[in-house]
Amino acid sequence: MDSGLLFSFLAVDLLLVCVPGADWAYVITTTLRGHSIPRAVAGLVSGYALHTALATAGLAILVAGSPKLLTALTVAGAGYLLWLGWGVLRRPGVPGVGAGADAAGAPEETPDGALTAPGAVLAAPGAALAAPGAANEISGAALATPGAAHKASDLGAAHEASGADARLFLRGATISGLNPKGLLLYLSVLPQFLTLHGTHLPVPAQTAALGLLHMACCAAVYLTVGTLSRALLSARPAAARAVTRTSGAAMLGVGAVLLVERLATM
């Protein structure tokens, strides 16, 4: 491919990616909730990998030419954004809000390091006296397997973290994969930078190359957005909460616009 066309596409694509939208809102919300930025960005990029595969195989034109299928994709994507945006507005979690969990009834740490629910000792005031040797037996059992509790805790934490990462990835893939704007980007912008004559590279290969370049731009911009959001807002809970709510409102707005635009063309 001509290097001039590649640089031109890169400039146009960066301008489009740098315009805030549903992807930005998802990255910022994920970041301010203390979740994994790379995992969320990887999910978004995988959605555009789907668009790249469709465009390379020539299926994107078929999807765009089918009003019913395009309407179904638009409604599904808009509905998901509306649901996700409402959830963000309803629960604008930000780093540091968990500090008051103890006041809400979360487990408290006793002086010897054990975790007990608030008031658990008072719930059974005579339990220890009723079985004077029980405490020693339990203590001996704990000493007999000194690492068992820690191993179980580590396994549970690892399983929970793996599930959370999977949900982050799938949400990102759903947001970008169901976004009809991504499909239209590959149909309206990308074809303008394809060379049909005088090149040894076939059109599907050129399409795949430009799609990969778009994915790289998305990854770079969204990782930067997430990193800056965490650095600038993690120590400012009030500002972080306001930005999170703005991101939720942006998701609602994008979803509503997609839905109205598609229904108006029916």
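The structure we're discussing is the one just above.
Structure report, in brief. Keep in mind that what you see is a predicted model, and the values were worked out from it rather than measured.

Looking at the packing of aromatic side chains
Argument step 1. Taken as a whole and assessed by the stated rule, the structure comprises one aromatic pair.
Argument step 2. Measuring from ring centre to ring centre gives 5.4 Å for F9 and F193, while their planes differ by 75°; the resulting arrangement is edge-to-face. Linking F9 in helix α1 (residues 3-17) with F193 in the loop between α10 (180-188) and α11 (203-233), this pair joins segments that are 184 residues apart in sequence. F193 matches F9 in its accessibility class, with the two residues each being buried.

What to know about the side chain of S176
Argument step 1. With respect to the element layout, S176 can be found in helix α9 (residues 148-177).
Argument step 2. Judged by its relative accessible area of 0%, S176 falls in the buried class.
Argument step 3. A distance of 2.7 Å separates the side chain of S176 from the backbone oxygen of L44, its partner in a polar contact.
Argument step 4. Not counting chain neighbours up to four residues away, the residues in contact with S176 comprise D23, G43, L44, G47, Y48 and H51.

Re the packing of helix α3 (residues 37-56) against α10
Argument step 1. Axis separation between α3 and α10 bottoms out at 10 Å; the angle between their running directions is 40°. Judged by the angle between their axes, α3 and α10 are oblique. The way α3 lies across α10 gives a crossing that is right-handed. Contacts between α3 and α10 involve Y48, H51, T52 and A55 from the first element and G182, L183 and Y186 from the second.
Argument step 2. When the residues that make up the contact of α3 with α10 are grouped by side-chain class, the tally is four nonpolar, three polar and no charged.

Quick look at the nonpolar core
Argument step 1. By size, the foremost hydrophobic cluster in this structure holds 39 residues, and its most contacted members are Y26, I175 and Y222.
Argument step 2. Listed by contribution, the elements that provide at least two residues to this core are α1, α2 (22-32), α3, α5 (67-90), α9, α10, α11 and α12 (237-264).
Argument step 3. Per-element tally for this core: the top contributor is α11, with eight residues.
Argument step 4. If we ignore the near neighbours within four places in the chain, the residues touching I175 are A22, D23, Y26, L44, Y80, L81 and L84.

About the thresholds
Residues numbered from 1 in each chain as written. Predicted model: local features only at pLDDT ≥ 70, side-chain atom pairs only at ≥ 80, totals over all residues. Heavy atoms only, no water. Phe/Tyr/Trp six-rings, centres within 6.5 Å; stacked < 30°, edge-to-face > 60°. Helix = DSSP H or I, 4+ residues; strand = E, 2+ residues; numbered from the N terminus. Buried < 20%, exposed > 50% of the residue type's maximum accessible area, 1.4 Å probe, protein only. Polar contact = N/O pair within 3.5 Å; in protein donor to acceptor, adjacent residues only side chain to side chain. Contact = heavy atoms within 4.5 Å. Axes fitted to C-alpha atoms, helices over the stretch in contact; angles between N-to-C directions. Parallel < 35°, antiparallel > 145°, perpendicular 65-115°, else oblique. Left-handed = near helix turned anticlockwise from the far one by under 90°. Nonpolar A, V, L, I, M, F, W, Y, C, P; charged D, E, K, R; others polar. Core = buried A, V, L, I, M, F, W, Y, C linked by side-chain atoms within 4.5 Å.

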